[in-house]
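Single-letter residue listing:
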Amino acid sequence: SSSSGDEALRDKRAQILSRGLPKQKPIEGVKQVVVVASGKGGVGKSTTADVLTITFLFLTQTKEVGLLDADIYGPSVPKMMNLKGNPELTPKNLMRPLKNYGIACMSMGFLIEETAPIVWRGLMVMSAVEKLLRQVDWGQLDYLVIDMPPGTGDVQLSVSQNIPIAGAVIVSTPQDVALSDARKGAEMFRKVHVPVLGLVQNMSVFQCPKCKHETHIFGADGVRDLAKTLGLDILGDIPLHVNIRETCDSGQPVVISQPQSDAAKAYLNIAMEIVRRLPVAPA
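Since we're looking at a predicted model, the values are computed, not measured.

Conventions and cut-offs
Residues numbered from 1 in each chain as written. Predicted model: local features only at pLDDT ≥ 70, side-chain atom pairs only at ≥ 80, totals over all residues. Heavy atoms only, no water. Buried < 20%, exposed > 50% of the residue type's maximum accessible area, 1.4 Å probe, protein only. Helix = DSSP H or I, 4+ residues; strand = E, 2+ residues; numbered from the N terminus. Arc of directions from axis to C-beta. Salt bridge = Lys/Arg side-chain N within 4 Å of Asp/Glu carboxyl O. Expected span 1.5 Å × (residues − 1). Core = buried A, V, L, I, M, F, W, Y, C linked by side-chain atoms within 4.5 Å. Contact = heavy atoms within 4.5 Å.

Caption draft 1: Molecular detail of helix α8 (residues 242-249). For α8, the full list of buried residues reads Ile244, Thr247 and Cys248. Seen end-on, α8 carries its buried residues on one side only, within an arc spanning 100°. Following α8 by one or two positions, Gly251 adopts a phi angle in the positive range, close to 75°.

So, in structure tokens, the structure goes:
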């Protein structure tokens, strides 16, 4: 019958497509990978990724945590984590991550001059990402947080298809132009079968430091509305606060320098929600 013929054709297509996909291979020594992504740049994704990584360490205490900066063109981990220098090599010719605040960090920013631009085509970028994933001695990590570059291109697809990912976190401001790209990011992860743990609404509200009046500069509930549309959860809201920017720029993230602040508590609540949604890690 025509229906059975159509079904056979679909099965054949699925088999052909599956041959072209790389087989996922875990990163040696890493139990769980969490990616922090956004469709659009400038929404505070890297700040969120960096601060959440430190918060993971504080929250779990006995766990080992790492941070991988997968943004080849615009690495920000060295500055935000207050790290400089080149990685040492192990006898097996693997790069040793640089460490601060107990976090093992790797970034393209450790391998080039601080002011040097990366002027590479796609294949060179993909080769660099592969080296950052596979040629690093991560030791034994319970969590590796990957700060993804903006967009839904080669790097995102390569990372998603080459390593098992426990979950993705999407960061966006409530602004319409950011939400449109955030939706594309969430849909991309769904297409490559990466569980989306939820959305983070960044820069949700600005409170005047003098009169305490609150202003929703980028809109009030845009990310919440998007979460409902996609059937996803909101992991939490992060305010637009000068302390978050200042502490990250100085390499002393707010959860370390101002742990009792409202901003630090917001990150802690989001980290708790992420950990709660992760599957049980292998022993």
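Caption draft 2: Quick look at the pattern of salt bridges. Overall, the coordinates contain twelve salt bridges when judged by the stated rule. Its salt-bridge partner being Arg224, residue Asp237 comes within 2.3 Å of it at the nearest N-O pair. Placement of the pair is Asp237 in strand β9 (residues 234-240) and Arg224 in helix α7 (residues 222-230), with a sequence separation of 13 residues. Arg224 gets classed as partly exposed once you look at its relative accessible area, which sits at 32%. A salt bridge links Asp233 to Arg277; the nearest nitrogen and oxygen atoms lie 2.9 Å apart. Taken as a pair, Asp233 in the loop between α7 and β9 and Arg277 in helix α10 (residues 262-277) lie far apart in primary sequence, 44 residues in all. Each of Asp233, Glu273, Arg276 and Arg277 takes part in a single network of salt bridges with overlapping partners.

Caption draft 3: Focus on helix α2 (residues 45-60). The terminal C-alpha atoms of α2 lie 22 Å apart, and with 16 residues this matches the ideal 22 Å at 1.5 Å per residue to within 8%. Most of α2 sits inside the fold, with 14 of its 16 residues counted as buried. Looking one or two residues past α2, Gln61 carries a phi angle of roughly 60°, positive in sign.

Caption draft 4: Inspection of the nonpolar core at higher detail. Within the largest apolar cluster, 84 residues are counted, with the highest numbers of intra-cluster contacts made by Val33, Trp138, Leu144, Ile146, Val159, Phe189 and Ile274. Excluding its chain neighbours within four sequence positions, the residues that come into contact with Ile274 are Val34, Leu52, Phe56, Val169, Leu197 and Leu235.

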